[in-house]
Amino acid sequence: MADVTRFPALDGVSGWDALAGDTLATTPLSGWQRARFAVIGGGFTGLAAARGLAERFPDAEVVLLDALRIGQGTSGRNAGFIIDVPHNLDSDEADPVQDRQVTRLNRWAVEMLREQVTANGIACDWDDAGKYLLAAEARHIDSLKGFTDTLDGLGEPHTWLEGPDLSARIGTDYYRAGVYTPGNVLMNPAALVRGLARSLPANVTLHELSPVVTTTYGEPHRLETPTGVLEADHIVCATNSFTGEFGFGDRYVPVFSYASLTRPLTPEEDAAIGAVRPWGATAAHPAGTTLRVTPDRRVFVRNMLRWRAELCSGPPDLAAAARTHQQALRARFPTLADVPFEHTWGGMLCMTRNFQPCFGTVRPGVHVAAGMNGVGVAKGTYLGRLLADLIAGQDSDALAFVQRAASPAWVPPEPARTLGVTAKLRAEERAAGAEK
Ligand SMILES: Cc1cc2nc3c(=O)[nH]c(=O)nc-3n(C[C@H](O)[C@H](O)[C@H](O)COP(=O)(O)OP(=O)(O)OC[C@H]3O[C@@H](n4cnc5c(N)ncnc54)[C@H](O)[C@@H]3O)c2cc1C
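Residues numbered from 1 in each chain as written. Predicted model: local features only at pLDDT ≥ 70, side-chain atom pairs only at ≥ 80, totals over all residues. Heavy atoms only, no water.

The protein has the name Glycine/D-amino acid oxidase in an unreviewed UniProt entry, where Limimonas halophila is given as its organism.

Okay, structure coming up:
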């Protein structure tokens, strides 16, 4: 038996959640229920796994449980990039065989999501906008060059931009150079996960506000929530940073990051930044600022990385994030210096030391996909789907590749973990310089 002691919490209201419209408002699990499959976690990974299982086993019941409402967890709190090409900035670390396979998997995820969005009319501001990788400091231009070398090696299209060509596209001359790649999608992530949950096959039953508090592994497995009990032959654990709570793995490094969304710009404010087409950018340093100009003319800012061993952040972190975001906004868009943020929130990245996820069957009838390393929209979608294939005994090259790669590296225990991660994050944020 494993008791869960740390649970997801709402670290501020995400702007995407506020804009995404009504929640699903499903009822919590109640009484005693029996299903063939139980999926814990209704983010991108759990939704893909639940759909995959329901399609592979049309006569079986799949029950999906989430501690929060769909769209309130990290999947609905992120920056809304569905990234196709790997992020690695250093061409020395690039592994073309692995990068090519990961790119193929990411594109598969983009197409699976696109198909759902189109077939079910999911209104999530889906935009095939591509993505910029931007450098403000000369020393980080080398990272951009490393990235273009990697893209050249993969035969991936990209455009190098600097000076007026760049500033005309993004409405700021803060950055010295950028690399544009066309395959990335931008969207409202809370609206997307809600739409995916609403359009799950009929043999999936979703219960929100149903935190699993106790798991007993056996035949069948037994999950307890505060209001109900679910017995199942198979459990899929799609809980990313919380996966350790279920007794599976101590190799995750949950890192909080924070985001803010302004109110819509006035026509004058918008004109002052060139009324640019909506765009999204990540930074040439991993601890740098992610930026977006959204279709409804808001500016999105994400930065700040914090280690919180208790797996929840709080008002002091959100206040610090709001200040940092306002500075980042002012530096990039001086004419928007006084535009207020309507929402500031936090969310948890589930990192691993070698950036590899945990994936597979961890004990009879118990399956895990976690450790999405900050790119879980695409990765969670394909790993969730492949986990369903694994359970169904459906082999593929993609499944074999993922199984080979999925081995998160060892992380030292406490207190070395807290000391090490805190020092590393501080060093990374310092090194980010003007990219932050
Ligand atoms: C600020 C920020 C920006 C980001 N930007 C991007 C981006 O642009 N693109 C990208 O690809 N990735 C991004 N990420 C990372 C991305 O959001 C994650 O990789 C992704 O959400 C992982 O999806 P998941 O379904 O595996 O896990 P989650 O989204 O964390 O879902 C896990 C679910 O499990 C539930 N859960 C946990 N414990 C329990 C329990 N005991 N009982 C029941 N339910 C439980 C949680 O409520 C949660 O809904 C960002 C992350 C942050 C924090």
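Asker: What exactly am I supposed to notice about the overall build of the protein here?
Answerer: Within the protein, the secondary structure is distributed over 11 helices and 19 strands. Over its C-alpha atoms the protein spans a radius of gyration of 21 Å, differing by no more than 12% from the 22 Å that the globule rule assigns to 436 residues. Reported as C-alpha extents along the three principal axes, the dimensions of the protein are approximately 65 × 50 × 45 Å. Here the protein holds 436 residues, and 60% of them are scored as buried. Across the protein, every contact between residues at least 6 apart in sequence was considered, and the portion connecting residues at least 24 apart equals 78%. For the protein, the accessible surface area stands at approximately 17100 Å², while carbon and sulfur atoms represent 53% of it. (Helix = DSSP H or I, 4+ residues; strand = E, 2+ residues; numbered from the N terminus. Rg over C-alpha atoms; globule rule 2.2 N^0.38 Å. Buried < 20%, exposed > 50% of the residue type's maximum accessible area, 1.4 Å probe, protein only. Contact = heavy atoms within 4.5 Å. Areas by Shrake-Rupley, 256 points an atom, 1.4 Å probe, with all protein chains shown as cover.)

Asker: How should I be thinking about the site of the ligand in this particular structure?
Answerer: Close contacts around the ligand come from 35 residues, with Thr45, Asp66, Ser75, Phe81 and Val212 the closest. One nitrogen or oxygen atom from the main chain of Val212 is found 2.9 Å from a nitrogen atom belonging to the ligand. Within the contact set of the ligand, an oxygen atom lies 3.0 Å away from a backbone nitrogen or oxygen of Val377. Burial of the ligand by the protein chains amounts to 97% of its free accessible area of 990 Å². (Near = heavy atom within 4 Å. Polar contact = N/O pair within 3.5 Å; in protein donor to acceptor, adjacent residues only side chain to side chain.)

Asker: In this structure, what is going on with the environment of Ala281? I would like to understand it.
Answerer: Structurally, the position occupied by Ala281 is in strand 14 (residues 279-283). Separated by 157 residues in the primary sequence, Ala281 and Cys124 have C-alpha atoms spaced 19 Å apart. With residues up to four places along the chain from it excluded, the contact list for Ala281 reads Phe81, Tyr132, Leu134, Thr289, Thr290 and Leu291.

Asker: What's the story with the layout of surface pockets in this structure? I'm lost.
Answerer: Over the atoms rolls a probe the size of a water molecule, and in doing so it shows where empty space is left. In this model, the second largest pocket occupies a volume close to 220 Å³. Considering the residues around the second largest pocket, the lining is formed by 14 residues, among which Arg6, Asp250, Tyr252, Pro254 and Arg417 are closest to the centre. The residue inventory of the lining of the second largest pocket, partitioned by class, reads 6 nonpolar, 3 polar and 5 charged. Residue assignment places the lining of the second largest pocket across two domains, with domain 1 (2-76 + 190-252 + 354-412) and domain 2 (126-185 + 253-353 + 421-435) each supplying three or more. (1 Å grid on protein atoms, 1.4 Å probe; cavity = no way out; pocket = protein on both sides within 12 Å on 5 of 7 lines; lining within 4 Å. Points joined across faces, edges and corners; volume = space filled by probe spheres on them. Nonpolar A, V, L, I, M, F, W, Y, C, P; charged D, E, K, R; others polar. Domains from an automatic or database assignment.)

Asker: What's the story with the packing of aromatic side chains in this structure? I'm lost.
Answerer: How two aromatic rings sit relative to each other is given by the distance of their centres and the angle of their planes. Tallied over the entire structure, the rule returns 8 aromatic pairs. Between the aromatic rings of Trp16 and Phe300, the centroid separation amounts to 5.4 Å while the plane-to-plane angle is 25°, which identifies the pairing as stacked. Of the two residues, Trp16 is situated in helix 1 (residues 15-19) and Phe300 in strand 16 (residues 299-307); the sequence distance between them amounts to 284 residues. Ring centres of Tyr217 and Phe248 lie 5.4 Å apart, and the angle between their planes is 50°; this geometry places the pair in the tilted category. Of this pair, Tyr217 sits in the loop between strand 10 (214-216) and strand 11 (221-224) while Phe248 is found in the loop between strand 12 (228-237) and strand 13 (253-262), placing the two residues 31 residues apart along the sequence. Across the pair, Phe248 and Tyr217 agree in class, each one buried. Sitting above the plane of the Tyr180 ring, Arg169 keeps its charged end 5.3 Å from the centroid. (Phe/Tyr/Trp six-rings, centres within 6.5 Å; stacked < 30°, edge-to-face > 60°. Lys NZ or Arg CZ within 6 Å of the ring centre and 35° of its normal.)

Asker: Please clarify how the pairing of strand 16 should be interpreted in this entry.
Answerer: As a general feature of sheets, a regular strand has side chains that alternate between the two faces. Counted residue by residue, strand 16 has 8 buried out of 9 residues, so it is predominantly covered. Of the strand pairs in this sheet, strand 13 and strand 16 are connected by 7 bridges, and their pairing is antiparallel. When the sheet's bridge partners are listed, Phe256 is paired in strand 16 with Arg306. Of the pairings in the sheet, the one linking strand 15 (residues 290-293) to strand 16 comprises 4 bridges and is antiparallel in character. In the strand pairing of strand 16, Arg292 is matched with Phe300. Hairpin connection, strand 15 to strand 16: the antiparallel pair is bridged by 5 residues, and Arg297 has positive phi, about 65°. (Pairing = 2+ DSSP bridges.)

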